[in-house]
Amino acid sequence: MQILGIETSCDETAAAIVVDGVRVRSNIVASQTELHRAHGGVVPELAARQHIRAIVPVIETALADAGIDRAGIDAVAMTAGPGLAGSLLVGVNVAKTMAWALDRPLISVNHLEAHIYANWLGLPGEEPPPPPRFPLVCLLVSGGHTELIAMTGHGLYRHLGRTLDDAAGEAFDKGARLLGLGYPGGPAIQRAASGGDPERFALPRAWLGESYDFSFSGLKTALLRLSEPYRLPASPEEPFQGSPSGPFREHRPVQLVGDAPVADLAASFQAAIVEPLVVKTVRAAEAFGARTILLAGGVAANRALRDALTAAAAATLGDTPVRFPPLVYCTDNAAMVAGAAHWALRRGDQAGWEADVVPRLALV
Ligand code: KG4
Ligand code: ZN
């Protein structure tokens with residue numbers, strides 16, 4: 001079963017061909033990061049327009065890379081939500097058009113489920129990894145979501161906890177902005193934190209009692225206070241970089257003084273995000289008798305998170321493996337969409353022509 005996956009939920013235009021949910025034949029991602037950088041975040045209107053420009057060439061390249069033509073596609077899958085409505089509409093309508101024209105099944109995929117199924121994928125030309133064993137606990141951490149989920153089988157999810165305010169990736173992005181590290185924030189914080197002392201600054205962790213929920217907004221405020229003394233005053237002549245009508249009109253790049261302890265601030269901030277994520281995930285895995293722990297989403301690319309979770313699981317749970325996707329499948333991509341679609345189609349989850357975008361789609 002050779003599935004074309006299409007992903008346009010946020011600011012990456014992506015298409016991929018995946019065989020049987022595990023073998024990636026091609027995986028093309030056209031990133032819009034440069035387009036949005038000057039605004040300090042994704043501007044929905046710009047994102048939707050750019051998807052329209054990019055989607056057809058991206059799909060053509062995915063087909064060419066896989067060495068197949070359109071007739072070789074067995075099914076077409078697209079992300080239907082959650083995400084930005086205008087962005088989702090592009091992928092959904094292209095997928096519907098292709099499925100209809102080729103007379104193939106259409107599969108509507110939840111973006112969050114796709115992130116989880118990134119853990120089943122092998123890199124192109126490589127053997128897929130052994131399938132994760134159920135029951136499992138998955139920490140899904142991205143720019144828009146922070147969810148702790150238990151999974152008892154394919155497509156069977158149980159909600160354990162989620163963020164009450166900012167997503168983990170959003171916290172990284174906002175923290176990076178406060179430290180003048182630019183956008184996107186996760187990789188910038190990780191880079192700045194290397195060599196920094198994660199214990200130099202005591203930043204708050206929101207434990208929220210015994211719950212599996214998270215909160216990162218207090219941490220952001222604490223970082224603002226810590227970094228304020230090092231901030232250079234914004235020059236009134238500095239050219240305004242935000243979009244005058246967009247959601248980021250207050251955006252002005254922050255600059256810190258030359259001798260600000262940026263590495264220690266970034267390392268301490270990163271540690272304060274990572275610690276509650278790790279502690280609660282391991283506690284959930286223990287409580288639910290998980291046979292695997294999965295990391296998924298853009299923040300699963302974070303080295304400190306991967307290392308801390310692996311170490312904590314080994315110390316507490318012994319031989320329960322901690323798995324995370326290769327870097328290219330952590331951030332938004334279409335291979336994970338085609339991958340998740342395979343399991344959905346096996347359960348008979350086919351979409352009709354009335355399929356629509358669901359910007360606030362939940363997983364459970
Ligand atoms: O999954 P994703 O590509 O998009 C969403 O579905 O949201 O996640 C993007 C998020 C951004 O907030 C970005 O800063 C974060 O993932 N991210 C990272 C790293 N790489 C990407 N966060 C921490 N460390 C990283 N290395
Ligand atoms: Zn995502």
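These numbers come from a predicted model, not from an experiment.

Draft legend 1. Quick look at helix α7 (residues 217–227). Looking only at α7, the buried set comprises L219, A222, L223 and S227. The arc enclosing the buried residues of α7, seen along the axis, measures out at 125 degrees, which places them on a common side.

Draft legend 2. Representation of the packing of α7 against helix α8 (residues 262–287) within the structure. With their axes 11 Å apart at the nearest point, α7 and α8 run at an angle of 165 degrees to one another. One element, α7, and the other, α8, form an angle in the roughly antiparallel class. Of the two elements, α7 crosses α8, and the hand of that crossing is right-handed. Facing L219, L223 and L226 of α7, the residues of α8 in contact are L265, F269, A272 and I273.

Draft legend 3. How the structure looks around the pairing of strand β3 (residues 23–31). Bridge count between strand β2 (residues 12–19) and β3: 8 bridges; the pairing is antiparallel. From the neighbouring strand, T13 faces β3, where its bridge partner is A30. Linking β2 back to β3 in an antiparallel pair, the connection comprises 3 residues, with D20 at a positive phi of about 55 degrees.

Draft legend 4. Structural detail: α8. Helix length check: α8 (26 residues) gives 38 Å between terminal C-alpha atoms against 38 Å at 1.5 Å per residue, within 8%. Across the 26 residues that make up α8, a large majority, 19, are buried. Just downstream of α8 lies G289, where phi reads positive at about 60 degrees.

Draft legend 5. Inspection of the packing of aromatic side chains at higher detail. Scanning the model with the defined rule gives 4 aromatic pairs in all. Considering the side-chain rings of W120 and F134, the 6.1 Å spacing of their centres and the 35 degrees angle between planes classify their relative orientation as tilted. You can see W120 sitting in the loop between α4 (111–117) and β6 (136–141) and its partner F134 sitting in the loop between α4 and β6, a full 14 residues away along the chain. We note that W120, like F134, is buried. Their ring planes at 5 degrees and their centres at 6.4 Å tell us that F214 and F216 sit as a pair that is stacked. Each member of the pair, F214 as well as F216, carries the same accessibility label: buried. An aromatic cluster is defined as three or more aromatic residues linked by ring pairs; in this entry it consists of Y117, W120, F134 and W343. Between K280 and the ring centre of F214, over which it is positioned, the NZ or CZ distance is 5.7 Å.

Draft legend 6. Quick peek at the coordination of the zinc ion (ligand 2). Coordination sphere of the zinc ion (ligand 2), protein contribution only: H111 (NE2), H115 (NE2) and D332 (OD), at 2.0 to 2.1 Å. Bound by 4 donor atoms, the zinc ion (ligand 2) shows angles of 93 to 137 degrees at the metal and therefore irregular coordination geometry. Going along the chain, you hit the donors of the zinc ion (ligand 2) in the pattern H-x3-H-x216-D. Of this pair, H111 and H115 both sit in helix α4, 4 residues apart, roughly one helical turn. Of the residues examined, H115 reaches a relative accessible area of 1% and is grouped as buried.

Draft legend 7. Examining the nonpolar core more closely. L139, V141, L148, F216, I273, L277 and L305 are the most contacted members of the largest nonpolar core, which totals 49 residues. Among the elements of the structure, β6, β7 (146–153), α5 (168–178), α6 (185–193), α7, α8, β9 (292–296) and α9 (303–317) are those that each provide at least two residues to this core. It is α8 that contributes the most residues to this core, 12 residues altogether. Look past the residues within four positions of F216 in its chain and what remains in contact with it is T146, T163, D165, D166, A167, A168, A171, I273 and L277.

Draft legend 8. Structural detail: the environment of I68. Structurally, the position occupied by I68 is in the loop between α2 (44–66) and β4 (75–81). What makes I68 buried here is its relative accessible area of 17%. Along the backbone, I68 and I17 are 51 residues apart, and their C-alpha atoms lie at a distance of 9.3 Å. The residues contacting I68, other than those within four sequence positions of it, are Q2, I17, R25, L63 and I73.

Draft legend 9. Region of the structure containing the sheet that holds strand β1 (residues 2–7). Taken together, the 5 strands give an open sheet; going across it, the order is β3-β2-β1-β4-β5, and neighbouring strands pair in mixed fashion. Looking at which strands have only one partner, the edges of the open sheet turn out to be β3 and β5 (106–110). When the angles between neighbouring strand axes are averaged without regard to direction, this sheet yields 20 degrees. Across the sheet, α2 is in contact with β1, β2 and β3; its angle to β2 comes to roughly 25 degrees.

Draft legend 10. Quick peek at the domain arrangement of the protein. What the domain assignment lists for the protein is domain 1 (2–123 + 328–346) and domain 2 (136–231 + 259–325). Computed from C-alpha coordinates alone, the two centres of domain 1 and domain 2 are separated by 26 Å. Contacts between the two partners involve 20 residues from domain 1, matched on the other side by 24 residues from domain 2. Between domain 1 and domain 2 lies a buried interface of about 1700 Å² when both sides are counted; carbon and sulfur atoms form 67% of it. On the domain 1 side of the contact with domain 2, I116, N119 and C330 bury the most area, a combined 38% of that side's loss. Inspection of the region where domain 1 meets domain 2 yields 0 salt bridges. Run the count over domain 1 and domain 2 and you get 8 residue pairs in polar contact (both at pLDDT 80 or more). Broken down by secondary-structure element, the contributors of at least two residues to the side of domain 1 that touches domain 2 are α1 (33–37), α4 and α10 (327–330). Class assignment for the residues of the side of domain 1 that touches domain 2 results in 10 nonpolar, 7 polar and 3 charged.

Parameters at a glance
- Residues numbered from 1 in each chain as written.
- Chains lettered and ligands numbered in written order.
- Predicted model: local features only at pLDDT ≥ 70, side-chain atom pairs only at ≥ 80, totals over all residues.
- Heavy atoms only, no water.
- Buried < 20%, exposed > 50% of the residue type's maximum accessible area, 1.4 Å probe, protein only.
- Helix = DSSP H or I, 4+ residues; strand = E, 2+ residues; numbered from the N terminus.
- Arc of directions from axis to C-beta.
- Axes fitted to C-alpha atoms, helices over the stretch in contact; angles between N-to-C directions.
- Parallel < 35°, antiparallel > 145°, perpendicular 65-115°, else oblique.
- Left-handed = near helix turned anticlockwise from the far one by under 90°.
- Contact = heavy atoms within 4.5 Å.
- Pairing = 2+ DSSP bridges.
- Expected span 1.5 Å × (residues − 1).
- Phe/Tyr/Trp six-rings, centres within 6.5 Å; stacked < 30°, edge-to-face > 60°.
- Lys NZ or Arg CZ within 6 Å of the ring centre and 35° of its normal.
- Donors = N, O, S within 2.8 Å, 3.2 Å for Na, K, Ca; no water.
- Tetrahedral: all angles 85-135°; square planar, octahedral: opposite > 155°, others 65-115°.
- Core = buried A, V, L, I, M, F, W, Y, C linked by side-chain atoms within 4.5 Å.
- Domains from an automatic or database assignment.
- Buried area = accessible area lost by both parts, 1.4 Å probe.
- Salt bridge = Lys/Arg side-chain N within 4 Å of Asp/Glu carboxyl O.
- Polar contact = N/O pair within 3.5 Å; in protein donor to acceptor, adjacent residues only side chain to side chain.
- Nonpolar A, V, L, I, M, F, W, Y, C, P; charged D, E, K, R; others polar.

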